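# Structural description and commentary
Take a look at the letters that make up each chain.
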Amino acid sequence: MKRIALLGSTGSVGEQTLSVVAEFPERFRVTALAAGRNVAKLTEQVRRFRPERVALADAAAARELMRELGRETPELGIGAEGLIAVAEHPADLVVAALVGAVGLAPTLAAIRAGRDVALANKEVLVMAGALVRRELAARGGRLLPVDSEHSAIFQVLAGQRAEDVARIVLTASGGPFRGWPAEKIARATVSEALAHPNWRMGPKITIDSATLANKALEVIEARWLFDVAPERVSVVVHPQSIVHSLVELVDGSVLAQLGLPDMRVPIACALAWPERLPLTGPRLELASVGRLDFEPPDPERFPCLGLAWRALAGAETGPAVLNAANEESVAAFLAGRIRFPDVAAVNASVLEDYLARHAGAAARSLDDIVSADAWARGRAREALVEVAA
Ligand SMILES: NC(=O)c1ccc[n+]([C@@H]2O[C@H](COP(=O)([O-])OP(=O)(O)OC[C@H]3O[C@@H](n4cnc5c(N)ncnc54)[C@H](OP(=O)(O)O)[C@@H]3O)[C@@H](O)[C@H]2O)c1
């Protein structure tokens, strides 16, 4: 029986994790759950999975949960401390499915407690990849990717020697604006950007998929997860999202992992690794898919993608700056305060402004990362006011 602690249980990845757990009650037991403000959903989850500990983002949400559950309320924490208590609660695997920088401290706490971590919350590795790698090496836990592209590479690399890997190729669906001309993308609305063709996901990653900032974050995530130089990570657009990513070996052989676009598969893979779960659900029939298309990404219409390599080359803290600027600009776009192209423009200007002052800055500690993140958020808010004016 594997004990699971889940950060972000009420989100898209969180709910799908619980659906996999529910399919295999003889294999998994949920010991702790953390959510933000969705009390109704967390109440249901507590009744169904009976965790020993839960966390919510604030006191108002916590009071509401206690009103709903009365004496059934598990041990309950609030805010950052609540998240850390869930991350450190006795478990064999912590699933990190929060979104954004809020996941950094609890994920690091889980790693420092020696836990294996199934990582969906890619912003953690983007912000603090080197630090996470050092902590993992010191504490002995494993990092199991949940992102479908990184899960694909992880599965393909199992049994390969690191020195035999020539290149990692991440596939990208291209998002809802893949075929749109630049003038039309410039006028894209929030609801158009939220209409992803292949995946149903939370709002932040869905906007990131439309700008290709998601793929930029994934390039950085791959750099740290697989310890490959940034120039050996590339991206190809593959609109069907069937080939989840590829690895080219030094002899020219290319290995890929395929499947229908269903996050339950990489989630199940991370939960059971190195075993496999006999998941129910539709199966890939290549004959009915018919064709698989590939094309290069367009850096003109999707300038967010190239910022990954720029951030990685510019400073160790560069990716944390890019991530923070992107979180702020996506929130502003979702709130209707800026236009779609402003997201990329603000991300680029904050990153360039930072690199002009701090080229080559090191990320030696969590403090270095937190201060780069705070600087970038402040600068991004100024830039957002300017573009909104
Ligand atoms: N969705 C996918 O298919 C997918 C695929 C690959 C990778 N990912 C990555 O997985 C991560 C999660 O994505 P998602 O789509 O599942 O996001 P989501 O649906 O927006 O869910 C986010 C979760 O984080 C919680 N949360 C947000 N802010 C919080 C705070 N301040 N304190 C405590 N909890 C907080 C939310 O709680 P409440 O809702 O209760 O407020 C929710 O449970 C992201 O990093 C994303 O890039 C997602």
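Before going into details, it helps to say that this report is about the structure given with it. A quick note: this is a predicted structure, and the numbers were derived from the prediction, not measured.

Evaluated as defined, the whole model comprises five aromatic pairs. Taken together, the ring pairs connect F177, W180, F333 and F340 into an aromatic cluster. When the ring centre of W180 is taken as reference, the NZ or CZ atom of K184 above it lies at 4.0 Å. Positioned above the aromatic ring of W224, the side-chain terminus of R223 is 3.8 Å from the ring centre.

What follows is about empty space enclosed by the protein. All told, the structure shown has two cavities of 30 Å³ or more when counted by the stated rule. Of the pockets and cavities examined, the largest cavity occupies roughly 70 Å³. If you trace the largest cavity, you find it lined by V126, M127, A128, G129, A130, L131, W224, E316, P319, A363 and I369. With six residues, helix α6 (residues 123-139) is the single largest residue contributor to the lining of the largest cavity. Counted by class, the lining of the largest cavity contains nine nonpolar, one polar and one charged residues.

So, on to the site of the ligand. Lining the immediate environment of the ligand, one finds 25 residues, of which T10, S12, V13, E123 and G202 sit closest. G8 is positioned with one of its backbone polar atoms (N or O) 3.3 Å from an oxygen atom of the ligand. In the model, an oxygen atom of the ligand is placed 2.9 Å from a nitrogen or oxygen of the S12 main chain. For the ligand, whose unbound accessible area comes to 900 Å², protein coverage reaches 84%. Secondary structure elements with two or more residues in the shell around the ligand: α1 (12-23) and α10 (203-211). Residue classes in the shell around the ligand are distributed as twelve nonpolar, nine polar and four charged.

The next subject is the pattern of salt bridges. For the structure shown, the criterion picks out 35 salt bridges. Ionic pairing is found between R53 and E75, a salt bridge with its closest N-O pair at 3.0 Å. A residue pair is termed long-range when its members are at least 10 positions apart, and R53 in strand β3 (residues 53-56) and E75 in strand β4 (residues 75-78) qualify at 22 residues. By relative accessible area, R53 is classed as buried at 15%. One salt bridge in this structure joins D147 and K122, with 3.0 Å as the shortest N-O distance. Of this pair, D147 sits in the loop between β7 (143-145) and α7 (148-157) while K122 is found in the loop between β6 (116-119) and α6, placing the two residues 25 residues apart along the sequence.

Now for a nonpolar patch on the surface. On the surface, L258, L286, L292 and F294 cluster together into a nonpolar patch covering about 320 Å² of accessible area. Position of L258 among the secondary structure elements: in strand β11 (residues 254-258). For L258, a relative accessible area of 35% puts it in the partly exposed group.

What follows covers unusual backbone geometry. The amide bond that connects W273 to the next residue, P274, takes the cis arrangement and shows omega of 5°. As for its position among the elements, P274 is in the loop between α12 (264-272) and α13 (286-289). You will see that D227, though not glycine, has its phi angle at about 55°, which is positive. Among the structural elements, D227 can be located in the loop between α11 (213-225) and β9 (233-237).

Next up on the list: the pairing of β3. Every second residue of β3 is oriented toward a common face, with R53 and A55 on one face and V54 and L56 on the other, all of them buried. Relative to β3, strand β2 (residues 28-34) is paired through three bridges, and the arrangement is parallel. When the bridges of β3 are listed, L33 appears paired with V54. Viewed along the sheet, the connection from β2 through helix α2 (residues 39-49) into β3 turns out right-handed. For β3 and β4, the ladder comprises four bridges, and the chain directions are parallel.

Counting residues in hydrophobic clusters, the biggest one holds 87 residues, and the most contacted among them are V132, I168 and F177. With residues up to four places along the chain from it excluded, the contact list for V132 reads L108, I111, V124, L125 and L143. Ranked by size, the runner-up nonpolar core spans 38 residues in total, among them V13, V30, L33 and L144.

Judged by pairing direction, the sheet is mixed, and its four strands sit side by side in the order β9-β8-β10-β11 without closing on themselves. The open sheet is flanked by β9 and β11, the only strands paired with a single partner. Across this sheet, the average inter-strand angle for adjacent strands is 25°, counted without regard to direction. For strand β10 (residues 243-249) and β11, the ladder comprises five bridges, and the chain directions are antiparallel. Directly across from L246, in β11, lies its bridge partner A256. Sitting on the sheet, α7 is in contact with β8 (165-172), β10 and β11, with an inclination near 40° to β10.

What follows is about the environment of F333. With respect to the secondary-structure elements, F333 resides in helix α15 (residues 318-334). Taking the C-alpha atoms as reference, F333 lies 8.8 Å from I207; in sequence the two are 126 residues apart. Those residues in contact with F333, other than ones at most four positions away along the chain, are A188, T189, V190, A193, I207, I338, R339, F340 and V343.

Of all the positions in helix α3 (residues 59-69), only A61, A62, L65 and L69 are classed as buried. One face of α3 carries all of its buried residues, which in axial projection span an arc of 100°. Turning to α3, the residues buried within the fold contact α2, β3 and β4. For α3, the side-chain oxygen to backbone nitrogen distance between the N-cap and A60 is 3.3 Å, and the N-cap itself is D58. Positive phi appears at G70, one or two residues downstream of α3, with a value of about 50°.

Reading the values: rules and limits
- Residues numbered from 1 in each chain as written.
- Predicted model: local features only at pLDDT ≥ 70, side-chain atom pairs only at ≥ 80, totals over all residues.
- Heavy atoms only, no water.
- Phe/Tyr/Trp six-rings, centres within 6.5 Å; stacked < 30°, edge-to-face > 60°.
- Lys NZ or Arg CZ within 6 Å of the ring centre and 35° of its normal.
- 1 Å grid on protein atoms, 1.4 Å probe; cavity = no way out; pocket = protein on both sides within 12 Å on 5 of 7 lines; lining within 4 Å.
- Points joined across faces, edges and corners; volume = space filled by probe spheres on them.
- Helix = DSSP H or I, 4+ residues; strand = E, 2+ residues; numbered from the N terminus.
- Nonpolar A, V, L, I, M, F, W, Y, C, P; charged D, E, K, R; others polar.
- Near = heavy atom within 4 Å.
- Polar contact = N/O pair within 3.5 Å; in protein donor to acceptor, adjacent residues only side chain to side chain.
- Areas by Shrake-Rupley, 256 points an atom, 1.4 Å probe, with all protein chains shown as cover.
- Salt bridge = Lys/Arg side-chain N within 4 Å of Asp/Glu carboxyl O.
- Buried < 20%, exposed > 50% of the residue type's maximum accessible area, 1.4 Å probe, protein only.
- Patch = residues over 30% accessible without salt bridge, like charges linked within 9 Å, V, L, I, M, F, W, Y side chains within 5 Å.
- Pairing = 2+ DSSP bridges.
- Right-handed = clockwise from strand over helix to strand, strands pointing away.
- Core = buried A, V, L, I, M, F, W, Y, C linked by side-chain atoms within 4.5 Å.
- Contact = heavy atoms within 4.5 Å.
- Axes fitted to C-alpha atoms, helices over the stretch in contact; angles between N-to-C directions.
- Arc of directions from axis to C-beta.

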